[in-house]
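Here is how the chains run, residue by residue.
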Amino acid sequence: MVRRVAVLSDVHGVLPVLEAVLAEPDVAGADLVVVTGDHAAGPQPVEVLDRLTALGDRVLLVRGNADRELVALAGGADVEVPDPVSRWAAAQLRPDQVELLAGLPHPVTLDVEGFGPTVFCHGTPRDDEEVVLVDTRLERWAEVFADLPAEVATVVCGHTHMPFLRLVDRRLVVNPGSVGMPYGRAGGHWALLADGAVTLHRTPLDVDAAVARVVAESGYPDRQEWADYFLRSAASDAEALTVFGPRDGRAAG
């Protein structure tokens, strides 16, 4: 059983924000750091994976859809990706990092003190690319959770880059938000599961300095534009919900 779990998600290859979050006392002091997918598809893929794996057995990496895509791209597959940075990032990875991403599990169930069996996933437990949102209708949630054992009372996900905490028919759902590509508010978003309670956190940072570091340390050709857009959280949560909304099946419902 794990007592204190820090949950990060969607780092997307942004080292300075990851470093700031890992330096938080509650993250540094957690028994386990779980990162729920999309680790390296961004401007500093090699450095981010090295930083995460340096945590050793204190970190558990869960597979995200972007991790699958990087593996496919690195293997020469013609994969459609929403962000051109993914093709560049895949070409930077060392063979051992491609192997690491290829072997990541999804989903993962851990026994967490105060929560019991807890599922950690990227999109949903059944699909690393499936979209669920804070305002997704209950019928859709019932479909998404249909195959979960009854004893699983907590599900931790990522994928949509917006933090939320809500009950779904007695089941607690946690999304920590994104470390490297936040929608709505700049900063590194994460969550802590401890003593039966969930707290959502945001690590503030000097965004100008973080952008400057990415520009100075990355070789991605469009790194300035990429960092300005994503690290400054140019897209609001309202805009992101409008874009993601149709993908949770609400139109069909």
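Residues numbered from 1 in each chain as written. Predicted model: local features only at pLDDT ≥ 70, side-chain atom pairs only at ≥ 80, totals over all residues. Heavy atoms only, no water.

Naming follows an unreviewed UniProt entry, where the protein appears as Metallophosphoesterase family protein of Modestobacter muralis.

(A) Summary view of the environment of tyrosine 229. The topology assignment puts tyrosine 229 in helix 9 (residues 223-231). Its relative accessible area of 40% is what places tyrosine 229 among the partly exposed residues. Sequence separation between tyrosine 229 and valine 211 is 18 residues, and the spatial gap between their C-alpha atoms is 9.7 Å. Not counting chain neighbours up to four residues away, the residues in contact with tyrosine 229 comprise Ala234 and Ala235. (Helix = DSSP H or I, 4+ residues; strand = E, 2+ residues; numbered from the N terminus. Buried < 20%, exposed > 50% of the residue type's maximum accessible area, 1.4 Å probe, protein only. Contact = heavy atoms within 4.5 Å.)

(B) Quick peek at the packing of helix 8 (residues 207-217) against helix 9. Orientation of helix 8 relative to helix 9, taken along the N-to-C sense of each, is 150°, at an axis distance of 9 Å. Comparing the axis directions of helix 8 and helix 9 gives the class roughly antiparallel. Between helix 8 and helix 9 lies a crossing whose hand is right-handed. Residue-level inspection shows Val207, Ala210, Val211, Val214 and Val215 of helix 8 in contact with helix 9, the latter providing Arg223, Gln224, Ala227, Asp228 and Leu231. Its residues assigned to classes, the contact of helix 8 with helix 9 comprises seven nonpolar, one polar and two charged. (Axes fitted to C-alpha atoms, helices over the stretch in contact; angles between N-to-C directions. Parallel < 35°, antiparallel > 145°, perpendicular 65-115°, else oblique. Left-handed = near helix turned anticlockwise from the far one by under 90°. Nonpolar A, V, L, I, M, F, W, Y, C, P; charged D, E, K, R; others polar.)

(C) The arrangement of the environment of proline 95 in detail. Here proline 95 lies in helix 6 (residues 95-102). Proline 95 sits in the exposed class, given a relative accessible area of 70%. Separated by 24 residues in the primary sequence, proline 95 and valine 71 have C-alpha atoms spaced 9.9 Å apart.

(D) Broad picture of the state of the cysteines. Under the definition given, this model contains zero disulfides. No disulfide involves cysteine 121; its nearest neighbouring cysteine sulfur is the one of cysteine 157, lying 5.3 Å away. (Disulfide = S-S within 2.5 Å.)

(E) Representation of the sheet that holds strand 9 (residues 188-194) in the model. Read from one edge of the open sheet, five strands run 3-2-1-9-10, paired in mixed fashion. Of all strands in the sheet, those bounded by a partner on one side alone are strand 3 (59-61) and strand 10 (197-203). Here the average twist between neighbouring strands, direction ignored, is 20°. With four bridges joining them, strand 1 (residues 4-8) and strand 9 adopt antiparallel strand pairing. Counterpart to arginine 4 in the pairing with strand 9 is alanine 194. (Pairing = 2+ DSSP bridges.)

(F) Focus on the sheet that holds strand 8 (residues 171-175). Strand order in the open sheet formed by five strands is 4-5-6-8-7, with mixed pairing between adjacent strands. Strands with a single pairing partner mark the edges of an open sheet, and in this sheet they are strand 4 (108-112) and strand 7 (164-168). Averaged over all neighbouring strand pairs, the angle between strand axes comes to 25°, with direction disregarded. Taken together, the five bridges between strand 7 and strand 8 define a ladder with antiparallel strand orientation. Directly across from arginine 166, in strand 8, lies its bridge partner valine 173.

(G) View of the side chain of histidine 161. Counting through the fold element by element, histidine 161 comes out in the loop between strand 6 (154-156) and strand 7. A polar atom in the side chain of histidine 161 sits 3.1 Å from the side chain of aspartate 10. Side chain to side chain, histidine 161 and histidine 12 meet in a polar contact 3.4 Å long. If we skip the residues at most four places from it in the chain, histidine 161 touches Asp10, His12, Gly177, Ser178, Met181, Pro182 and Tyr183. (Polar contact = N/O pair within 3.5 Å; in protein donor to acceptor, adjacent residues only side chain to side chain.)

(H) Representation of the packing of helix 4 (residues 65-74) against helix 6 within the structure. Their axes nearest at 9 Å, the elements helix 4 and helix 6 cross at an angle of 135°. Looking at the two axes, helix 4 sits oblique to helix 6. Crossing of helix 4 over helix 6 shows left-handed handedness. On helix 6, the residues touching Asp67, Leu70, Val71 and Ala74 of helix 4 are Val98, Leu101 and Ala102. Its residues assigned to classes, the contact of helix 4 with helix 6 shows six nonpolar, no polar and one charged.

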